[in-house]
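# Close look at the chain arrangement
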Amino acid sequence: MIGAIFMIFVAIWIYQSAIRAKTTHVFYWVAGGAATFFVTQFLLIYFDISLLETFRSSEGGSAYEAVNGADRKNEGDYQGFFGVLKSLYLELAPQVIAFLVIAVLRNRVMLKEDLNVTNLFSGLKELFGSIKGSFKASANQE
């Protein structure tokens, strides 16, 4: 669910950037960016799951086998402050890293600008401003 919201924001961000930069084939950029975001997110989630299963299976024994098919979210690994941090990392890292990959590709390939923090995140303020403006009712509507 979080990844879908990120993907929608990324698609709008790429669309607005492509329109401002007057690039050709705007919808190809949007579709390619969304597909790249999805594939990157999928690979990172797969990597996180594989890494987590590797650590858990290395513990071995009947404790691992007993919870192999069960919901292990409530097990001891996710309790306490570090458990909260671990859950947040596993839930948000794929989306954030995929967003950074898209930001770099957008900056270097689509806009052909230098790679710096200002250029990397340019257009985000306008993106959220336009989303905010879309919720305002105009005086001309009845």
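The structure under discussion appears in the preceding block.
First, a word on scope: everything that follows refers to the structure included in this document. (Residues numbered from 1 in each chain as written. Predicted model: local features only at pLDDT ≥ 70, side-chain atom pairs only at ≥ 80, totals over all residues. Heavy atoms only, no water.)

### Brief notes about the packing of aromatic side chains
Working definition: an aromatic ring pair is given by the centre-to-centre distance plus the angle between the planes. In this structure the tally under the stated criterion is five aromatic pairs. Relative to Phe99, the ring of Trp13 has its centre 5.2 Å away and its plane inclined at 25 degrees; by these criteria the two rings are stacked. Here Trp13 is found in helix H1 (residues 2–21), whereas its partner Phe99 is found in helix H4 (residues 80–110), with 86 residues between them in sequence. This pair shows no difference in class: Trp13 is buried, exactly as Phe99 is. The interplanar angle of 15 degrees and the centroid separation of 6.2 Å between the aromatic rings of Phe99 and Phe121 together place this pair among those described as stacked. (Phe/Tyr/Trp six-rings, centres within 6.5 Å; stacked < 30°, edge-to-face > 60°. Helix = DSSP H or I, 4+ residues; strand = E, 2+ residues; numbered from the N terminus. Buried < 20%, exposed > 50% of the residue type's maximum accessible area, 1.4 Å probe, protein only.)

### Side note on the packing of H1 against H4
Between H1 and H4, the shortest axis-to-axis distance is 10 Å and the interhelical angle comes to 10 degrees. Between H1 and H4, the crossing angle belongs to the class labelled roughly parallel. Every residue of H4 that contacts H1 at Ile2, Gly3, Phe6, Val10, Trp13, Ile14, Ser17 and Ala18 is listed here: Glu91, Leu92, Gln95, Phe99, Ile102, Ala103, Arg106 and Met110. A class-by-class count of the residues in the contact of H1 with H4 yields 11 nonpolar, three polar and two charged. (Axes fitted to C-alpha atoms, helices over the stretch in contact; angles between N-to-C directions. Parallel < 35°, antiparallel > 145°, perpendicular 65-115°, else oblique. Contact = heavy atoms within 4.5 Å. Nonpolar A, V, L, I, M, F, W, Y, C, P; charged D, E, K, R; others polar.)

### Focus: the side chain of Thr40
Among the structural elements, Thr40 can be located in helix H2 (residues 26–59). Judged by relative accessible area, which is 17%, Thr40 ranks as buried. Apart from the residues lying within four places of it in its own chain, the contact partners of Thr40 are Ala98 and Val101.

### As for H1
The terminal C-alpha atoms of H1 lie 28 Å apart, and with 20 residues this matches the ideal 28 Å at 1.5 Å per residue to within 8%. Three or more residues of H1 are buried, namely Gly3, Val10, Ala11, Trp13, Ile14, Gln16, Ser17 and Ala18. (Expected span 1.5 Å × (residues − 1).)

Such coordinate-based values are descriptive only and should not be taken to indicate function.
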